[in-house]
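# Results of the structural survey
One-letter residues, chain by chain:
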Amino acid sequence: MMAAKPLNILVVDDVPQNLLAMRALLAADDWHVLTADSADAALELLLQHDVALALLDVQMPGMDGYALAELMRGAERTRHVPIIFLTAGSMEEQRSFRGYEAGAVDFLYKPFDGRVLRSKVAIFADLHRQKATLAENMAELQRLTRLNSTMLSALSHDIRAPLAALALNAELLLRSDKPGPGSAGARIKAATAMLSRQVDHLVNLAQLPSAELRPSPVMTDLAALTQERLETAQGNGLLSQLPAFEVLGDTQGLMDRAMLQQALDHLLLQATTYAGESGLKIELDGDQRRSLLLRISFAGLLGDAASQHLFGGGEAVEGMAAPRVGSGLSLPERVARAHGGSLVGRSRPREGTQFELMLPRGL
């Protein structure tokens, strides 16, 4: 295993003897001591090296330690470097306060115990390594997540092509005059539609979130909440009459009620806007153990502009819907993904338009 690269420890003091003493005191295989006899020399070193910790003498001619610390805090490269002030001055409360105000993490008065200083340096060196390791792990995790998303999108594209072919052949069987092929076509078409929806949700779940929402989940009955929003929409004149609402199974789950209320209101607004004279149909499937599935549909087919607004411009295989949603559904999609769920939409000839919201029962 390759040895870890030594960490740079910067020591700034205008007295050469003090610099020699600090070099000897901090000598270690995993620390590299950089020394500067002035603030200007320290700034040059900070431009050339990444520093894990800075030990600054307060009283120096020209620019003192406080001014140097303020410059370090104002630069992006050095703003997060921990600073320990070293001073031979008297132990005054005002002096210490100014040091912490300038960005110090500690304040030591000379003469100090060398063992104490080495222990403090070791702590900050360990913290620096842990921070670097965490940053590397996060970068690797993000890389793997992007790779997973890319691979899943590619695989879903490959799956959609044969599904589209199956759907076409199922349609041909449905048009057969014979009862056997006709019923087989209906079963194949239903299975193909279900598989295509699952692929849509898988691709949507693989996308990295564009903005973060933090749900405050409580046990909620999604059927009761949906019924409440339907009645509110009718009271506001958005719906002339309540649509058909079919509920199956247990519809309880841990959800942020306020977020879901906004998402449902937005979905109903978009559905009624584009449904026209077509009546809405709402289905809530609670038969699955881990998830709930809410589907809002109407018979009408969307035009190009409406489809772009609601479902975006993602590429789709002939006969299949693109999984992403557009700006018109961005709010409910963000709510769905904040809950660990997904929102997909589609508009197809002979099938009409659907918004499908999938939510896990618990966060």
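Here we summarise the structure given alongside this text. (Residues numbered from 1 in each chain as written. Predicted model: local features only at pLDDT ≥ 70, side-chain atom pairs only at ≥ 80, totals over all residues. Heavy atoms only, no water.)

### Re the overall build of the protein chain
A count of helices and strands for the protein chain gives 10 helices and 12 strands. Burial status across the protein chain gives 41% buried among its 363 residues. Summing over all exposed atoms, the protein chain offers an accessible surface of approximately 19,700 Å²; the carbon and sulfur share of this is 56%. (Helix = DSSP H or I, 4+ residues; strand = E, 2+ residues; numbered from the N terminus. Buried < 20%, exposed > 50% of the residue type's maximum accessible area, 1.4 Å probe, protein only. Areas by Shrake-Rupley, 256 points an atom, 1.4 Å probe, with all protein chains shown as cover.)

### With respect to the sheet that holds strand S2 (residues 31-36)
Strands sit in the order S2-S1-S3-S4-S5 across an open sheet of 5 strands; the sheet is parallel. In this open sheet, the two strands that pair with only one neighbour each are S2 and strand S5 (106-109). Going across the sheet, the axis of each strand differs from the next one's by a mean of 20°, ignoring polarity. Both strand S1 (residues 7-12) and strand S3 (residues 53-57) contribute to a ladder of 4 bridges, which runs parallel. When the sheet's bridge partners are listed, Leu10 is paired in S3 with Ala54. The strands touched by helix H1 (residues 16-25) within the sheet are S1, S2, S3 and strand S4 (83-87), with S2 carrying the most contacts at an inclination of about 175°. (Pairing = 2+ DSSP bridges. Axes fitted to C-alpha atoms, helices over the stretch in contact; angles between N-to-C directions. Contact = heavy atoms within 4.5 Å.)

### Some thoughts on the sheet that holds strand S11 (residues 342-348)
Ordered by their spatial adjacency, 5 strands build an open sheet running S7-S9-S10-S12-S11, and the pairing between neighbours is mixed. The sheet is open, and its two borders are formed by strand S7 (244-249) and S11, each paired with just one other strand. For this sheet, the mean inter-axis angle between neighbouring strands, taken without regard to orientation, is 10°. Relative to strand S12 (residues 352-360), S11 is paired through 7 bridges, and the arrangement is antiparallel. The residue bridging Arg346 from the neighbouring strand is Gln354, located in S12. Against the sheet, helix H7 (residues 222-235) touches S7, strand S9 (281-286), strand S10 (291-298) and S12, its axis set at about 170° to S7. In the packing of helix H9 (residues 304-311) onto the sheet, contacts are made with S11 and S12, and the angle to S12 comes to roughly 5°.

### Some details on the nonpolar core
In this structure, Leu222, Leu260, Leu267, Leu329, Leu343, Phe355 and Leu357 are the most contacted members of the largest nonpolar core, which totals 34 residues. For this core, the secondary structure elements donating two or more residues are H7, helix H8 (257-275), S9, S10, H9, helix H10 (330-338) and S12. The element best represented in this core is H8, accounting for 8 residues. Apart from residues no more than four positions distant in its own chain, Leu260 is found in contact with Leu222, Leu225, Met255, Val335, His339, Leu357 and Leu359. Counting residues in each nonpolar core, the second largest holds 23 residues, with Val12, Leu56, Val58 and Met72 among its members. (Core = buried A, V, L, I, M, F, W, Y, C linked by side-chain atoms within 4.5 Å.)

### Some details on the layout of surface pockets
When its volume is computed, the second largest pocket comes out at roughly 740 Å³. What lines the second largest pocket is a set of 26 residues, and nearest its centre among them are Leu7, Asp50, Ala52, His128 and Ala132. Secondary structure elements with two or more residues in the lining of the second largest pocket: S1 and helix H5 (114-174). Among the elements that make up the lining of the second largest pocket, the one with the highest residue count is H5 (9 residues). (1 Å grid on protein atoms, 1.4 Å probe; cavity = no way out; pocket = protein on both sides within 12 Å on 5 of 7 lines; lining within 4 Å. Points joined across faces, edges and corners; volume = space filled by probe spheres on them.)

### Focus on the packing of H7 against H8
Following both chains from N to C, one finds H7 and H8 inclined at 50°, their axes separated by 10 Å at the closest point. Considering their axes alone, H7 and H8 lie oblique with respect to each other. Once H7 is placed against H8, the crossing between them reads as right-handed. Contacts between H7 and H8 involve Leu222, Leu225, Thr226, Glu228, Arg229 and Leu230 from the former and Arg257, Leu260, Gln261, Leu264, Asp265 and Leu268 from the latter. Residue composition of the contact of H7 with H8, by class: 6 nonpolar, 2 polar and 4 charged. (Parallel < 35°, antiparallel > 145°, perpendicular 65-115°, else oblique. Left-handed = near helix turned anticlockwise from the far one by under 90°. Nonpolar A, V, L, I, M, F, W, Y, C, P; charged D, E, K, R; others polar.)

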